[in-house]
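Secondary and tertiary structure notes
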Amino acid sequence: MGRSIAIVEDEPLIRANYVEALNRFGYDTRGYGSRHDASTAFAMRLPELVIIDIGLGDEPEGGFDLCRELRARSATLPIIFLTARDSDFDVISGLRLGADDYLSKDTSLHQLAARIAALFRRIESLKAPASSETVIEHGPLKLESERMRITWNGEEIPLTVTEFWMVHTLVRFPGHVKNRDQLMREAELVVDDATITSHIKRIRKKFIAVAPEFDGIETVHGVGYRWRP
Amino acid sequence: MTLRRKLLLVALCTLALPVAGWLYVRQMEMLLREGQAQALEASARAMARSLVVTHAPLPQGGGAWFVQETPNPITIDGYGDDWAPMTPWSQPLGARGKLMLAEDGNWLYFYVDVRATHRVRADAGDANVMAADYVVLGLQVGEQQRRYLLASAAPGPVSARPLDPPAPGFPDLLVAQWQEDGSGYRVEGRLPRKLGIDAIDVAVHDAGSVDEPIASWRPLLRYSPQLSDELAQLLTEHVRARVLSPDGWVVARSGHLNAPVAEASDQPGWFASLVYRSLLANPLEDAQPWADEAPRMNLADVHTAGGGGATALWRQGETRGSVVLAVAVPLGGDAKDGVLLLEQASRAVPLLANRALFGLLMTSFGVLLVAGLILLTFATRLSVRLSRLRDAAERAQANDGRLDGQILFDRFPMTDAPDEIGDLARSFERLLDVVGGYTDYLRTLASKLSHELNTPLAIVKSSLDNLEHAALPPDAAPYLARARDGVARLGQLVRAMSEASRMERAIAAAEPEDVDLGEVVRGCADAYRPLAGMRELTCQLPGSPLILHCAPELIAQALDKLFDNALSFTPEHGWIRLSLRALDDGAEIELSNQGAPLPAAMQGRLFDSLVSLRDKATPGDAPHLGLGLYVVRLVAERHQGQAMAHNLADGSGVAFVLRLHGMPRQRLGI
């Protein structure tokens, strides 16, 4: 039996499609139509990964509440938001509540599967000791690709999967300018330029929160970004 | 015409006030004058009656020779120099002659001046004297008369020949002087006063005319001190009286015209006098013919009084600002006896009238000033308020129906006013609220719609994904691919729709920093060069760094859009120019490119969202929704500037201008 995944989605057609697709990928997937159903089921047993829609039936913020609930019960449970709401504000709220990733509903099933696989891999690798070849070290920066973990002077930077891939892209070739398209491709993200800009900003903030003197990501106007060598 | 000017014109209506006042003061003055005239006329009639009752020596009716008083002795020489002061009052004698009579203490002088160009000369003793020019002088004392003939063949002394037999008291010989010049001759002589002559007859014979000399006996009339004394007894103060003969000779005179002595402050100034004369007292006679010393007053009014009725007349006084009232009444029942003329100087009337007029002028000027000021203030306030309203409406209009910050926070101006402008402002506010709400609805419609579309799209998409794993007949594969393509395009559309609102939020959240704009533009130009292909890309930057408080990534993003736009419209071997210029309060980035000019219809909405100039997307390609220039505009507005597009003057292409003024500096801390 594969890993257990729960999908909380009020739209039955989408729920059915995702459940079927994920089952086909080899996961043990259950779908729940409301926050109440999900909470009841989770009270019995927690799944290994949860995919939540924000608006649940007549609760516009039901997904957020559920996420908070789950995070309270388990700090390590991977949570992915999959929603039609794509405003920056929602993304930030979702991630701040402790979700590991935030996907828009136009994400394809394959990409969703890839994200899920990445998250599971991360959990796996966090359990195992880090192997040397997958670690990129750059001054105070330490990037463990297997664990999808980035530390600065030994302190962990809480990046999302998307953000991790973006930093990964930059750090792999320090000094090389990566344009927005490249960053988007690496992060398997299909968004506009402005979103890339805001992602970069968020990444910077997260670094600065840990290390106030941080200025590793340099903007090359009109082109893109690069990791300061 | 502005509202202010109109109101000022309306304010001119208040000018009617002083005009009405002026007419009123005029009327008052007329009444005052009328009353004064009636009073003086009454006293004149009373005086005339008492003169008759006391049997005062009044002048007799009919013609008379007036004997003037000569101030200086007269030399008998036949020349008129001595007579000069009396000449204006000479008495006509026949058609061409003049007679003057004068006397001093001892003598009665006579002076005959005859204009005769054709002369026939003969001495008085000559036999042909009756055919020559001569003068007959007749004297009457009591009932007795005697005539003398005066003639001369040459200038010089002449002796008169008596024509009548001698009579007691009359001189036998009359000596005179005869002088002539080209225009005529003059006879001058004198008689002793003690003769007591009562009447004189002067007849002039002109040899050139056939007319016989007509004897015209006339009594002598003199200025009468006795009558003057009687007048003085009847006279009140400040009144001058004159008794005139029916011919207008002044027979008696008494009194002085000195007006009551006024205080210095009461003395009207020249301006007041001028105002009085020009505005109030139009019908004033000249003072000249009324001079005190004139022995004769040959005035129309006097003659009218002589006809039986009383007349009153206002004339200017001798002193400045004074007015003299003159009343003429006939003496006795019959006007043949002469006329009594009373004059009274009146300063009160002009003073009163002047004061009234001046008070009126000052008051109405003050009222006019106050009214004008009030109206001006009112009109100015009204137009200021109206222009504020207009400005606010225009500002709202310039913002495409969205209310700008000021209106949003301060509300629409003047909505608290309780009057009609307040009503108008409130209507405007409501209208703009509705328009703003509707515009907001329209603007957010795309993102709302995209949000709603996302769910069904996800259903189709995930179903298609699942379908790939279902056992399908091979025929179905192309349809599946087409459905996938359609969903992909639909997805792009929806994303583009939501992108606009996301972008607005992203742009609004951008944080400014101090950046050298030249570096940003140079970096962009370097990045674009590989993309330009065969096209020529030039970049003009100012020599010195151009520091601006801005969000460089936003500007770079806007430039990306502009460049992308320029690239798609520039022909294969065309040119693209990027330039940066410093402004007084910011910077201006211009990106011009070769290409077709902008269609006129698009000028205004080029920078709106979901507007595109490009051809319909080719199949398989993503449709273009014209978000690029909208982003440019948002970026420009975020930097308190504006984005503009215009055709180049030479028609070779199009220029897009990004005018930036820098973002407001944020305060650090709370």
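Residues numbered from 1 in each chain as written. Chains lettered and ligands numbered in written order. Predicted model: local features only at pLDDT ≥ 70, side-chain atom pairs only at ≥ 80, totals over all residues. Heavy atoms only, no water.

Focus on the pairing of strand E1 (residues 4-8) of chain A
Residue and element names in this part refer to chain A. Here E1 lies mainly inside the structure; 5 of its 5 residues are buried. Pairing geometry for E1 and strand E2 (residues 28-32), over 5 bridges, is parallel. Among the inter-strand pairings, Val8 is bridged to a residue of E2, identified as Tyr32. Chirality of the crossover, the property in question, places the unit of E1, helix H1 (residues 12-24) and E2 among those that are right-handed. Of the strand pairs in this sheet, E1 and strand E3 (residues 49-52) are connected by 4 bridges, and their pairing is parallel. Along E3, the bridge assignment pairs Ala6 with Val50. (Buried < 20%, exposed > 50% of the residue type's maximum accessible area, 1.4 Å probe, protein only. Helix = DSSP H or I, 4+ residues; strand = E, 2+ residues; numbered from the N terminus. Pairing = 2+ DSSP bridges. Right-handed = clockwise from strand over helix to strand, strands pointing away.)

Considerations on the layout of surface pockets
Considering only enclosed or pocket space, the second largest pocket measures out at about 1100 Å³ in volume. Contributing to the lining of the second largest pocket are 44 residues, with Leu95, Pro158, Thr160, Arg202 and Lys206 of chain A lying nearest its centre. Counting only elements with at least two residues in the lining of the second largest pocket, the list comes to helix H4 (88-96), helix H5 (109-127), strand E9 (155-157) and helix H8 (193-210) of chain A together with helix H9 (476-509) and helix H11 (552-569) of chain B. Per element, the largest residue contribution to the lining of the second largest pocket is 7 residues, and it comes from H8 of chain A. Taken together, the residues that form the lining of the second largest pocket break down as 21 nonpolar, 6 polar and 17 charged. (1 Å grid on protein atoms, 1.4 Å probe; cavity = no way out; pocket = protein on both sides within 12 Å on 5 of 7 lines; lining within 4 Å. Points joined across faces, edges and corners; volume = space filled by probe spheres on them. Nonpolar A, V, L, I, M, F, W, Y, C, P; charged D, E, K, R; others polar.)

Some words on the sheet that holds E3 of chain A
Hydrogen bonds between backbone groups are what pair the strands of a sheet, and the pairing can be parallel or antiparallel. All names here are of chain A. Strand order in this open sheet of 5 strands is E2-E1-E3-E4-E5, and the pairing throughout is parallel. Since the sheet does not close on itself, it has two edges, and those belong to E2 and strand E5 (101-104), each with one partner. The mean angle between the axes of side-by-side strands here comes to 20 degrees, regardless of whether they run parallel or antiparallel. As judged from the 4 bridges shared by strand E4 (residues 79-83) and E5, these two strands associate in the parallel manner. Opposite Phe81, over in E5, you have Tyr102 as the bridge partner. Set on the sheet, helix H2 (residues 35-44) makes contact with E1, E2 and E3; between it and E2 the angle comes to about 140 degrees. (Axes fitted to C-alpha atoms, helices over the stretch in contact; angles between N-to-C directions. Contact = heavy atoms within 4.5 Å.)

Considering the nonpolar core
Nonpolar side chains tend to gather and get buried jointly when the protein is soluble and globular. Leu517, Ile555, Leu559, Ile589 and Phe656 of chain B are the most contacted members of the largest nonpolar core, which has 52 residues in total. Both domains that meet at this core, namely domain 3 (422-509) and domain 4 (510-660) of chain B, each give it at least three residues. Those residues in contact with Leu559 of chain B, other than ones at most four positions away along the chain, are Val521, Cys524, Tyr528, Leu578 and Ile589 of chain B. By size, the runner-up hydrophobic cluster in this structure holds 45 residues, among which are Ile150, Leu159, Leu183 and Phe207 of chain A. (Core = buried A, V, L, I, M, F, W, Y, C linked by side-chain atoms within 4.5 Å. Domains from an automatic or database assignment.)

Some thoughts on unusual backbone geometry
Phi angles above zero are rare outside glycine, and Asn153 of chain A is one such case at about 55 degrees. Its identity is not glycine, yet Gln640 of chain B carries a phi of approximately 55 degrees, on the positive side. Checked against the element boundaries, Gln640 of chain B lands in the loop between helix H12 (628-638) and strand E22 (642-647).

Topic: the environment of Leu389 of chain B
Residues and elements named next belong to chain B. Looking at the secondary structure, you find Leu389 in helix H6 (residues 348-398). Judged by its relative accessible area of 2%, Leu389 is buried. The sequence separation of Leu389 and Gly422 amounts to 33 residues, and the corresponding C-alpha distance is 9.6 Å. Not counting chain neighbours up to four residues away, the residues in contact with Leu389 comprise Phe412, Pro413, Met414, Ile421, Leu424, Ala425 and Phe428.

Remarks on the interface of chain A and chain B
Taken together, the contact pairs 29 residues of chain A with 30 residues of chain B. Buried area between chain A and chain B, both sides added, is near 2700 Å², and the carbon and sulfur share of it is 52%. For the pair chain A and chain B, the interface holds 1 salt bridge. When the shortest N-O distance is used, the salt bridge between Glu553 of chain B and Lys201 of chain A registers 3.0 Å. Counting the contacts that link chain A with chain B gives 7 residue pairs in polar contact (both at pLDDT 80 or more). For the side of chain A that touches chain B, the secondary structure elements donating two or more residues are H1, H5 and H8 of chain A. (Buried area = accessible area lost by both parts, 1.4 Å probe. Salt bridge = Lys/Arg side-chain N within 4 Å of Asp/Glu carboxyl O. Polar contact = N/O pair within 3.5 Å; in protein donor to acceptor, adjacent residues only side chain to side chain.)

Quick notes on the packing of helix H2 (residues 16-53) of chain B against helix H3 (residues 225-234) of chain B
Two measures define how a pair of helices packs: the angle their axes make with one another and the distance between the axes. Residue and element names in this part refer to chain B. Here H2 crosses H3 at 130 degrees, and the two axes come no closer than 11 Å. When the interaxial angle is binned, H2 and H3 end up oblique. Of the two possible hands of crossing, H2 and H3 adopt the one that is right-handed. Of the residues in H3, those in contact with Met47, Ser50 and Leu51 of H2 are Leu227, Glu230, Leu231 and Leu234. Broken down by class, the residue content of the contact of H2 with H3 amounts to 5 nonpolar, 1 polar and 1 charged. (Parallel < 35°, antiparallel > 145°, perpendicular 65-115°, else oblique. Left-handed = near helix turned anticlockwise from the far one by under 90°.)

With respect to the UniProt feature "transmembrane region" (unreviewed entry) in chain B
Following the UniProt record, the feature "transmembrane region" (unreviewed entry) maps to residues 356-380 of chain B here. Across residues 356-380 of chain B one finds 100% helix and 0% strand; the C-alpha atoms that close the span lie 35 Å apart. (UniProt positions renumbered as here; feature names shortened; annotations may be inferred.)

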